[in-house]
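Residues per chain are reported as follows:
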Amino acid sequence: MVFGSGIGATSQTDVGDNVAFSVSNIYLQGADANNYYLPGGSFSGNNGRIVPRPLSVTLSDQQKVYGNWFDPRAIGQTSGIPYSDFTATGLAPGETIDQVLIGSLGMHPDANVGNYALTGSGAIAPVGNAFKSSNYAITYSPANLSVTPAPLLVVGERVYDGTTVMSGSQLTALGANGQFFDMQGAGAQGNLASKNVQINGLMTSFQGLSLGQAQNGALASNYLPLEYAQSGVDILHRPLVVTSGITASDKTLTGAGDSLVATLQLNNAQFDQAIPGDILELQGVTGSFESLQPGLRRVNLDYSSAVLQGVNASNYELRSPLSGIGAPHQMVAQATVIEQAVPP
């Protein structure tokens, strides 16, 4: 057996045919080397060939949430997206790649929940690096792109009613890209953490509720269950009008600059639409007699400074019963003006 070794050189480093080459300082080795002689110890030619170097690029598995583009830098694209999460094996010394182009049908926001092949192509080297893809026989090993369910956002509003219940008719479950679900069910106590007026309040339970009719192409399988939904619910102030219960004290004239101002009793004021059990107190209403002529007289009520007090007052919006001509529940009081007593 005979084999040889030496120092070789080529006219180029890139892949090609008919490449000029030379080999020098050749010496023979092996068990039968002494039986042979190589004149000159060198040779050269113009029929050399440089073949592509094997290079393996293995992509890493990726994941995205339904309704999003895979890469926000490449909105509108499902292929040819530069990416750097891979492993390269077989690069020549001093050469490197920092990106490959990837593609997958799962990159589109409309791709349903599931697994999609993630394929690679077009290795890219850093600026100034000697890497040329034409010098390699590149094998791209695909990976998996997993599209995972998206969370829903449950929104809605209603007027304060003293409970923590939200019914399905008051709610909508918003999905991705204009998709949504109607909600259904009567709900249950504990749907809300608080019964009070709130903006973007959190739902702490979806008991008694479920997804209803899907809209704009929504599929329930593309979304997380309701118990994982985000939420933002508004509980609005309950409008309140005084309907009765304000009384005025009789006024006895003194003859010393008597005023039209009436003394009112507000403790027994009654309201429309007040929730039974809520504690409400009316303050700030003032009154004035239309006339100080003796007899039963009308007392006009002024609500411009009226306020609600009490434990539950912050859940209501007090409205004047005089808001507009002919408005319902316009209120006045009556009291007797008593003529000044004449000494005997």
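Residues numbered from 1 in each chain as written. Predicted model: local features only at pLDDT ≥ 70, side-chain atom pairs only at ≥ 80, totals over all residues. Heavy atoms only, no water.

1. Brief notes about the sheet that holds strand S11 (residues 143-148)
Sheet strands line up and pair through hydrogen bonds in the backbone, either parallel or antiparallel. Read across the open sheet, the five strands follow the order S5-S11-S9-S8-S6; overall the sheet is mixed. A single partner strand is all that each edge strand has here, and the edge strands are strand S5 (62-65) and strand S6 (81-83). In this sheet, adjacent strand axes meet at a mean angle of 35 degrees when their direction is disregarded. Relative to strand S8 (residues 99-103), S6 is paired through three bridges, and the arrangement is antiparallel. Counted as the bridge partner of isoleucine 81 is isoleucine 102 from S8. (Pairing = 2+ DSSP bridges. Helix = DSSP H or I, 4+ residues; strand = E, 2+ residues; numbered from the N terminus. Axes fitted to C-alpha atoms, helices over the stretch in contact; angles between N-to-C directions.)

2. A few points about the side chain of threonine 148
Here threonine 148 lies in strand S11. Not counting residues up to four positions away in its chain, the partners in contact with threonine 148 are Gln63, Lys64, Val65, Tyr66 and Val113. (Contact = heavy atoms within 4.5 Å.)

3. Notes on the side chain of lysine 64
Position of lysine 64 among the secondary structure elements: in strand S5. In terms of polar contacts, lysine 64 uses its side chain to reach the backbone carbonyl oxygen of asparagine 68, at 2.8 Å. The residues touching lysine 64, leaving out its near neighbours within four places in the chain, are Trp69, Phe70, Gly106, Met107, His108, Pro109, Leu145, Ser146, Val147 and Thr148. (Polar contact = N/O pair within 3.5 Å; in protein donor to acceptor, adjacent residues only side chain to side chain.)

4. Describing unusual backbone geometry
Although it is not a glycine, asparagine 177 sits at a positive phi angle of roughly 55 degrees. The residue asparagine 177 is located in the loop between strand S13 (171-174) and strand S14 (180-184) in this model. In this structure, asparagine 200 is a non-glycine residue whose phi angle is positive, near 55 degrees. Mapped onto the secondary structure, asparagine 200 falls in strand S15 (residues 198-201).

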